[in-house]
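Observations on chain architecture
The residues making up each chain are set out below.
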Amino acid sequence: MIQHALDILLVEDNPDDAELAIRALRKSNLANHLLHLQDGQEALDYLFDEKNTKPKLVLLDLKMPKVDGIEVLRKLKADERTRTIPVVMLTSSKEERDIVETYKLGVNAYIVKPLDFEQFGTAIGQLGLFWLVLNQTPQ
Amino acid sequence: MRFELKVVIGFIITLSLVILMGIYTYDNNNSQLKASLWVDHTHQVLYRSEQLLSTLTDIETGQRGFCLTNNIDFLVPYSIGKQNIHPQVKFLKLLTRDNPRQYTRILKLEKLIEQKLAFSDEVVDLYKKNPQESILLITSLKGKKLMDVIRLTFGDLMSEEKMLLEQRTIENEKQIAKSNLIFIAMLAVTVLILLGLFYTIYLNLRARNRAEQELLKASKDIEDLYDNAPCGYHSLDPNGMFLQANNTLCEWLGYTKEELIGKKKIFDLMNEEGLKSFQENFPKLKEKWVIHNVQFDIVRKDKTSFPVIVNSTAIYDSNGNYLKSRTTTFDNTEQKQANDKINTLNEELEAFTYTVSHDLRSPLRSISGYAQILQEDYGQTLDDEGKRVTNVIIKSSKRLGQLIDDLLNFSQIGRKELSNNHINMHAMVEQLVNDFKEQGKTLPIEFNVHHLDDCRGDLNMIRQVWYNLLSNAIKYSQKKNSINIEIGSYVKGSESIYYIKDNGAGFDMQYVHKLFGVFQRLHRINEFEGTGVGLAIVKRIVTRHGGHVWAEGLPDLGATFYFSIPN
C-alpha cells in the first residue's frame, strides 16, 4: 500500500490553537502534507502503527489531556523505530523545568508560541522551513 | 599601696621593733645589773666598814676589859680582832679602790688603826708588866682620842658611802622607770602595728571572701545559663564522645547527663541519614573550625526523633591540635514545619503560575489570532469602526499577554535559587550600555559610567537589575532633547551602593512609595509604555540579595535610582 508522504504531524488538543498553527503553516506553504491529531494517545497509536508513514517532523503540544506531550516524547525517544524523528515542542509557556525535562528526553527544539499572531506565523514558517527543507535527517 | 607590700613592710617594722626591744632589754638589763652591783658594792663597803669598826671596838673592849679585870678571857676577842683586822682593812682597800676619796680615807684609817693597835698592844703589854703604868697610859686619853678620830673617819666614810647608796638607788630607780616607759612605748607601737596589720589582713581576707562568693555566684549564674538556655549545648571529643551537655539538650533527648557524658557518642543519636550528613560535616569541622546550620534528625532515648539545626566551632590546643568541638543545637521542629508549609505553598503557587501561563495564554492567543484572521480575511468588508474595534482587541490581548509574562517573570524571580558569583559590575554595565547604544542609535544618549565596585551575587539576576534600570532610564528620558545617564557606585558601611541617574521625566517624591510596587505606574500608558513590573523585579532581586532599593526624583528634572548589595 502506497502511502501519502507525511511532512508534519501536529499533536494539539486545542482546536483553535491547531487551526492557527495550520493557518500559519499554510501561509508558508508547509501544510500540504500535514496530519493533525488531538491528543497524545492518538499520536502514539499512529506513530507506533507499522502501517503508517513516519512524519518528517512532529510538532508536539506540551499540555494535553490523558497522555501529555512529555509522555509522548519519552516514548518516541525511547523506541528505536521512532527515535530519529525530529520532535519540536510547541507550547504556550516558557517554563524552565519543562525545557530542561524535554531536552533531557532528547527533544530537538523547544518553541514558545508567540502571542502575536504575526510573530507566531513567522516563527512557525521558519520552523517548518528549517526542519523540512534545510535540515537533513537519517533516511 | 598594694596589700602584699603593706604586709611585708608591717612585718619588717614589727620585727625590727621586736629586735630593738630585745637589744634594748638586754642592754638595759646589763646596765641595771651594773647599777645593782654598785648598790651591792656600796652595801658591802658599809657592811665591811661596820665590821671593821666592830672588830676595832672588840679589840678596844677586849683591851679595856683585860685591863680592868685582869681576866685573860678578855684577850680572846682582842687577839681574834687583831688577827682579823688586817685582812678586813685590806679588803676594804680593795673595795674602795675605784673611789679615790674613800680610798684615801681607808689609808688614813689604816694608819689610825695601826696606831690604835700599837697603842692597845702597848697598853696590854704594859698592863702585864705594870698595871699601874698602863692605867696611866689609859687615862692619858691617847687611846680615846685615837678612837674618836677613827670613829669620825668611819663616820665620814660611811656617810659618804650612804650618800652614794642613796644616789645610786635613785639613779637605779630612774633608770628602771625610764626603761619601763621606753619598753611600754615600744610594746604599744608594736601592738598598734600588729593591730594595723591584722586589720589589713582581715580586710583583705574579707574582700577575698566576698570576691570568692561573687565568683561562685557568677559561675553559678553562668552554669545556670549554660544548663537552662533555650538551646542545646554540648562538646564532643575528637571521637565524637560527649564531654559536656546542658540540661536543655538532655531534656530534649530524654537522657540524664550521666547517661550521656562519657558514655554516648553523637553517632549513637543519629539515624542513617544523619550519620551521612555528619560524616560529611565532622571532618570538615576539624579543618574549617566552624560549621553553620547543619540540619539533621536527632534520635531521642525512646527512639523517636526530631529535626535539629546545629552550629559548631572547633577548639584547638596551643599547638594547633584539634581538641574538641563546641556545638549549639536548636530544635528545628517548628522551623521545619514552617518550611514544609512554605514549600507546599510554593509548590501550589508554582502549579498555579504554571496553569496561568498555559491556560491563560492559550485562549488569549486565540483571541488575538482570530482577531487578526478577521482583519486579514474580512478587512475589506469591515468599515472603519469595525477595523478600529478589531485593532483594540489585538492590542489589548497583546498587552494582557505582556502583563501575564511579566507577572510570571516576577514570580519566577522570587522562586528561583540564587547562585553566588563574583560579578565584575563595571564590565557588566559597560556591555549593557553598549547594547543599548547599538539598539538606540537614533537617540543621542550620553552615558557616563564611573568606576563600579565588584560584588557577589546571581550574575543573571544582577544583569536583569541593570537592564531594567537602564531601559527605565532611557524610556523615561525619551522626550528630552539630549539624554544624560550617569552610573556609579560608592561604599557605605558594609554595603556597596550603586546608582543610575537620568535627566528624564522624573517623578513626584510623594509617589515614591508606589515606584517599586507590582503594576504600579506613575505615568499614563500613552505617555510611556510598560506594565509596571520592571522596578518591582529590581526590588525583588535586590531584596533577595540582602540589599535594598530607593529612588530620588523631581518631576521633569530626572530621577536617580539606588540599590545596595552587601559586601
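Fair warning: this is a prediction, and the values are worked out from it, not measured in the lab.

1. Focus: a nonpolar patch on the surface
A cluster of nonpolar side chains, contributed by F183(B), L187(B), V191(B), L192(B) and L195(B), occupies part of the molecular surface with about 450 Å² of accessible area. Position of L195(B) relative to the elements: it lies in helix α5 (residues 142-228).

2. Description of the domain arrangement of chain B
You can read the domains of chain B as domain 1 (3-197), domain 2 (232-331), domain 3 (338-415) and domain 4 (421-566). Each of domain 2 of chain B and domain 4 of chain B has a C-alpha centre, and the two are 48 Å apart.

3. Observations regarding helix α10 (residues 384-415) of chain B
All names here are of chain B. With 32 residues, α10 extends 47 Å from end C-alpha to end C-alpha; this agrees with the ideal 46 Å at 1.5 Å per step. Those residues of α10 lying buried are G386, T390, I394, S397, G401, I404, D406, L408, F410, S411 and I413. Buried positions along α10 lie against α9 (333-378), α12 (459-475) and α13 (534-544).

4. Details of the environment of N409(B)
One can find N409(B) in helix α10. Taking the C-alpha atoms as reference, N409(B) lies 174 Å from L136(B); in sequence the two are 273 residues apart.

5. Some details on the sheet that holds strand β3 (residues 57-60) of chain A
Residue and element names in this part refer to chain A. Reading across the sheet, the five strands line up as β2-β1-β3-β4-β5 and stay open at both edges, with parallel pairing between neighbours. A strand with exactly one partner marks an edge of an open sheet, and here the two such strands are β2 (34-37) and β5 (109-112). The mean inter-strand angle of the sheet, taken between neighbouring strand axes irrespective of direction, is 20°. The strands touched by helix α5 (residues 117-134) are β1 (8-11), β3, β4 (87-91) and β5; relative to β4, the strand with the most contacts, the crossing angle is about 170°.

6. Comments concerning the interface of chain B and chain A
Between chain B and chain A, the contact holds 21 residues from the first and 23 residues from the second. It is Y354(B), H358(B) and R365(B) that lose the most area in chain B upon contact with chain A, and together they represent 32% of the buried surface on that side. There are four salt bridges connecting chain B and chain A. In this structure, the salt-bridge partner of R23(A) is E376(B), at a minimum N-O distance of 2.9 Å. Inspection of the region where chain B meets chain A yields seven residue pairs in polar contact (both at pLDDT 80 or more). Elements that contribute at least two residues to the side of chain B that touches chain A include exactly α9 and α10 of chain B. At 17 residues, the largest contribution of residues to the side of chain B that touches chain A is made by α9(B).

7. A look at the confidence of the model for chain B
With 98% of its residues at a pLDDT of 70 or more, chain B has an overall mean of 86. Per-element confidence in chain B is highest for strand β10 (residues 495-502) of chain B, whose mean pLDDT is 94, and lowest for helix α8 (residues 272-288) of chain B, whose mean pLDDT is 70.

Reading the values: the criteria
- Residues numbered from 1 in each chain as written.
- Chains lettered and ligands numbered in written order.
- Predicted model: local features only at pLDDT ≥ 70, side-chain atom pairs only at ≥ 80, totals over all residues.
- Heavy atoms only, no water.
- Patch = residues over 30% accessible without salt bridge, like charges linked within 9 Å, V, L, I, M, F, W, Y side chains within 5 Å.
- Areas by Shrake-Rupley, 256 points an atom, 1.4 Å probe, with all protein chains shown as cover.
- Salt bridge = Lys/Arg side-chain N within 4 Å of Asp/Glu carboxyl O.
- Helix = DSSP H or I, 4+ residues; strand = E, 2+ residues; numbered from the N terminus.
- Domains from an automatic or database assignment.
- Expected span 1.5 Å × (residues − 1).
- Buried < 20%, exposed > 50% of the residue type's maximum accessible area, 1.4 Å probe, protein only.
- Contact = heavy atoms within 4.5 Å.
- Pairing = 2+ DSSP bridges.
- Axes fitted to C-alpha atoms, helices over the stretch in contact; angles between N-to-C directions.
- Buried area = accessible area lost by both parts, 1.4 Å probe.
- Polar contact = N/O pair within 3.5 Å; in protein donor to acceptor, adjacent residues only side chain to side chain.
- pLDDT = per-residue confidence, 0-100.

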